[in-house]
Amino acid sequence: MNQYYSKQLFVNDIIAAFIVTALLIPQSIAYAMLAGLPPQVGLFSSILPIVVYSLFGSSTTLSVGPVAIISLMTASAIGSVSENVDVGYAEASIVLALLSGLFLVLFGLFRLGLIINFISKPVVSGFITASSLIIVAKQIDHFSAFDISSFNSTLALGVTCLTILLLNKQFGTQIFSRLMPAGIANLISKAVPFFLVVLASCMSFFFDLEAIGVAVVGYIPQGLPSISFAEVDVSIVEKLALPALMICLIGYVESVSIAQTLGAKKRETIIPNRELIGLGASNIASGLSGGMPVTGGFSRSAVNFEAGAATKLSNLYVALGVALAALFLTPYIYYLPKVVLASLIIVAVIGLMEFVVFKRTWLYSKSDFLAVAATVVITLTSGVEAGVISGVIISLCLHLYRTSKPHIAEVGLLEGTEHFRNVKRFDVTTCPRVLSVRQDESLFFANAEMLQAYVLNELYKRDQIAHVIIQCSAVNEVDYSALTMLENLNNKLFEQGVLLHLSEVKGPVDDKLATAGFYDRLTGNKYLSQYDAFEALKR
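Owing to the predicted nature of the structure, the values given are computational and were not obtained by experimental measurement.

### Some remarks on the layout of surface pockets
In step 1: When its volume is computed, the largest pocket comes out at roughly 1200 Å³.
In step 2: Along its surface, the largest pocket is lined by 46 residues, and Phe298, Ser299, Ala348, Gly351 and Leu352 are the ones closest to its centre.
In step 3: Listing elements by their share of the lining of the largest pocket, those giving two or more residues are α1 (7–34), α6 (121–140), α7 (153–177), α8 (182–206), α9 (234–265), α11 (298–306) and α14 (338–350).
In step 4: Tallied by class, the residues present in the lining of the largest pocket amount to 22 nonpolar, 16 polar and 8 charged.
In step 5: By volume, the second largest pocket amounts to about 590 Å³.
In step 6: Lining the second largest pocket are 25 residues, and of these Ile25, Phe194, Val198, Leu329 and Ile333 lie nearest its centre.
In step 7: Elements supplying a minimum of two residues to the lining of the second largest pocket: α1, α8, α12 (313–328) and α13 (330–333).
In step 8: Counted by class, the lining of the second largest pocket contains 22 nonpolar, 3 polar and no charged residues.

### Comments concerning the pattern of salt bridges
In step 1: Tallying each qualifying case throughout the model produces 10 salt bridges.
In step 2: Linking Glu458 and Arg462 is a salt bridge whose minimum nitrogen-to-oxygen distance equals 2.7 Å.
In step 3: Overall, Glu458 belongs to the buried group, its relative accessible area being 10%.
In step 4: A salt bridge links Asp510 to Lys526, with the nearest nitrogen and oxygen atoms 2.9 Å apart. Placement of the pair is Asp510 in helix α20 (residues 507–515) and Lys526 in strand β9 (residues 526–527), with a sequence separation of 16 residues.
In step 5: One continuous salt-bridge network, built from bridges that share partners, spans Glu410, Glu458, Lys461 and Arg462.

### So, empty space enclosed by the protein
In step 1: Summed over all chains, the structure comprises 5 cavities of 30 Å³ or more.
In step 2: Volume-wise, the largest cavity comes out at about 50 Å³.
In step 3: Taken together, Ile70, Ser100, Leu104, Ile247, Cys248, Gly251, Tyr252, Leu279, Asn283, Pro293, Val294 and Thr295 make up the full set of residues lining the largest cavity.
In step 4: Contributions of two or more residues to the lining of the largest cavity are made by α5 (89–109), α9 and α10 (272–288).
In step 5: Residue contributions to the lining of the largest cavity peak at 4 residues, all from α9.

### Some thoughts on the pairing of strand β3 (residues 408–414)
Two faces make up the sheet, and in a regular strand the side chains alternate between them.
In step 1: With respect to burial, β3 is a largely interior element, 6 of its 7 residues being buried.
In step 2: Examined bridge by bridge, β3 and strand β6 (residues 434–439) share 3 bridges and lie antiparallel to one another. When the bridges of β6 are listed, Ala409 appears paired with Arg438.
In step 3: Pairing analysis gives 3 bridges linking β3 to strand β4 (residues 420–422), with the strands arranged antiparallel. Within β4, the position partnered with Leu413 by the bridge is Phe420.
In step 4: From the end of β3 to the start of β4, which pair antiparallel, there are 5 residues, and Gly416 there has a positive phi angle of about 85°.
In step 5: In this structure, β3 lies alongside strand β5 (residues 428–429), joined through 2 bridges in antiparallel fashion. Considered in β5, the bridge of Leu413 is made with Thr429.

### Some words on α1
In step 1: Its 28 residues give α1 an end-to-end C-alpha distance of 40 Å, which sits within 8% of 40 Å, the value for a rise of 1.5 Å per residue.
In step 2: At Leu24, α1 shows its largest kink, close to 25°, and the proline Pro26 lies no more than four residues downstream.
In step 3: Just downstream of α1 lies Gly36, where phi reads positive at about 80°.

### Some words on the nonpolar core
In step 1: Grouped together as the largest cluster of nonpolar side chains are 98 residues, with contacts concentrated most on Ile29, Met73, Phe127, Ile135, Leu240 and Val340.
In step 2: Discounting chain neighbours no more than four positions away, the residues touching Phe127 are Ile69, Met73, Ile250, Thr375, Thr379, Val384, Gly387 and Val388.
In step 3: Core analysis: the second largest hydrophobic core is formed by 30 residues, Ile408, Ile470, Leu486 and Leu489 among them.

### Thoughts on the environment of Ala309
In step 1: In this structure, Ala309 sits in the loop between α11 and α12.
In step 2: The spatial distance from the C-alpha of Ala309 to the C-alpha of Thr60 is 7.8 Å, given a sequence separation of 249 residues.
In step 3: Those residues within four positions of Ala309 in sequence are excluded, and the remaining contacts are Asn12, Asp13, Ala16, Thr61, Lys266, Asn304 and Ser314.

### Brief notes about unusual backbone geometry
In step 1: Of note in this structure, Arg111 is not a glycine but carries a positive phi near 55°.
In step 2: Its place among the elements puts Arg111 in the loop between α5 and α6.
In step 3: With a relative accessible area of 63%, Arg111 lands in the exposed category.
In step 4: Its identity as a non-glycine residue notwithstanding, Arg267 has a phi of 55°, on the positive side.
In step 5: Inspection of the secondary structure assignment puts Arg267 in the loop between α9 and α10.
In step 6: A relative accessible area of 82% means that Arg267 is categorised as exposed.

### Focus: the packing of α7 against α14
In step 1: At a closest axis distance of 9 Å, the pairing of α7 and α14 adopts a crossing angle of 35°. The way α7 lies across α14 gives a crossing that is right-handed. Contacts between α7 and α14 involve Thr154, Leu157, Gly158, Cys161, Leu162, Leu165, Leu166 and Lys169 on the former and, on the latter, Val339, Val340, Ser343, Leu344, Ile346, Val347 and Ile350.
In step 2: When its residues are assigned to classes, the contact of α7 with α14 shows 11 nonpolar, 3 polar and 1 charged.

### Looking at the packing of helix α15 (residues 356–364) against helix α16 (residues 366–382)
The angle between the axes and the distance between the axes are what describe a pair of packed helices.
In step 1: The interhelical angle for the contact between α15 and α16, taken along N-to-C directions, is 145°, at an axis separation of 6 Å. Of α16, the residues touching α15 (which contributes Val357, Phe358, Thr361, Trp362 and Tyr364) are Lys366, Asp368, Phe369, Val372, Ala373 and Val376.
In step 2: Tallied by class, the residues present in the contact of α15 with α16 amount to 8 nonpolar, 1 polar and 2 charged.

### Considering the environment of Asp141
In step 1: Position of Asp141 among the secondary structure elements: in the loop between α6 and α7.
In step 2: A sequence separation of 120 residues divides Asp141 from Thr21, and the C-alpha atoms of the two residues are 27 Å apart.

### Here we look at the side chain of Ser255
In step 1: Among the secondary structure elements, Ser255 is positioned in helix α9.
In step 2: Ser255 sits in the buried class, given a relative accessible area of 0%.
In step 3: Ignoring sequence-local partners within four residues, the contact set of Ser255 consists of Leu62, Glu275, Leu279, Thr295 and Gly296.

Cut-offs used in this document
- Residues numbered from 1 in each chain as written.
- Predicted model: local features only at pLDDT ≥ 70, side-chain atom pairs only at ≥ 80, totals over all residues.
- Heavy atoms only, no water.
- 1 Å grid on protein atoms, 1.4 Å probe; cavity = no way out; pocket = protein on both sides within 12 Å on 5 of 7 lines; lining within 4 Å.
- Points joined across faces, edges and corners; volume = space filled by probe spheres on them.
- Helix = DSSP H or I, 4+ residues; strand = E, 2+ residues; numbered from the N terminus.
- Nonpolar A, V, L, I, M, F, W, Y, C, P; charged D, E, K, R; others polar.
- Salt bridge = Lys/Arg side-chain N within 4 Å of Asp/Glu carboxyl O.
- Buried < 20%, exposed > 50% of the residue type's maximum accessible area, 1.4 Å probe, protein only.
- Pairing = 2+ DSSP bridges.
- Expected span 1.5 Å × (residues − 1).
- Bend = angle between axes of the 7 residues up to and from the residue.
- Core = buried A, V, L, I, M, F, W, Y, C linked by side-chain atoms within 4.5 Å.
- Contact = heavy atoms within 4.5 Å.
- Axes fitted to C-alpha atoms, helices over the stretch in contact; angles between N-to-C directions.
- Left-handed = near helix turned anticlockwise from the far one by under 90°.

Okay, structure coming up:
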């Protein structure tokens, strides 16, 4: 933390804020329209939420606001509820933001920041890829909105903008670096979408493109958002609660991933529980100011980082810039062609697609591949909400599946050392009278019986066994079901003249077993190390 705010820090923050603001204004409008909301909702969602996140969040570079995936989920949620309840899109969006914020704050207060670990990376990649495909498909409609005899002006403008943006994304920095220093070239490349928006708006104004069939953004009310505490219908809350939960989960995963990636580059610690509260407060602020659900955006945050943002004040300057735009620039945004916004969205979400995950998971883990494929198919066929729910369920099922089939190995002494390794992988020393078993997973209800079955199966195959040692070096937890299994195994072995021993039991596990009185009934002994146990029992 800097002890004072120097002139250089101020300059760095202002430059970063200017570039991020230039990117954020058209993005906010585009994502609001993607969600089926008026364009000013996007601007409102990019003012107060940024300020609030700066106060409560832990990242200095994360830029909070509307993002493509959350906008798509918002469109799906408010579209569904509006069909069944007499409520406007804007009102439903506000309720969705408030509920999302409330869930996130509650998660933060109960210190549930580790929920990010329960949604697997392959499933998130599959969901985001499928959602990106849906978004691209929706935006393509803007490229042929109006036909004029033999020439489609909208299509021509859209293809031109899309081509420029794609070429800039791929080669922009390389081209500009031939004319200027690499750092400046990179920033200029990031600012190309802003210059394209300005150029397209000027062309639309001077050549009256609206008159020849090119759809434009249209009228946007001037002014700042007002804080309101309107009464909310309980029936709307009930219908939006589940979508809000899904939105806050995906938003949190996306935001924390971005914050941690950028934080690592700045040697900055990101605190998950604080992020929950920061994002939650931002969403509540968005709802109170007439906005929509928000989270950390990858492109804006990356630009903020690369532009040299030094402190959280850069985000406050961004909020000021968007507020000034809402006050004074909306009459000029009127002429911005919608197809240009569609091009911005398409290029933004293309960067989120991870088709390579199919190949990598197929080669590495067939179960992960099935999870990715199932998430993509469900999202494409049943919608984003079903995709999120299925993704969470698949992640939890994968976790249970893997932990219910733990790696269990018979181990032996590596000659000349005190280390024990898998007898199938190493040339090790064993003793016919001693069965040494290591389970590489905690013991709990889903896998406890597998360990018992393994030990008994080996016992039935070898009449010489007189001692069984369970090496607990990888066991971090033993639940009640596993405790019951150990007690049953202890009794079954004793009935056959075999003693059960434990080695390398970790402190917390040891305390729980002692409290439960397990050691009082253990037929064998507890050893500090597997080597001590083997040496004592092989004789």
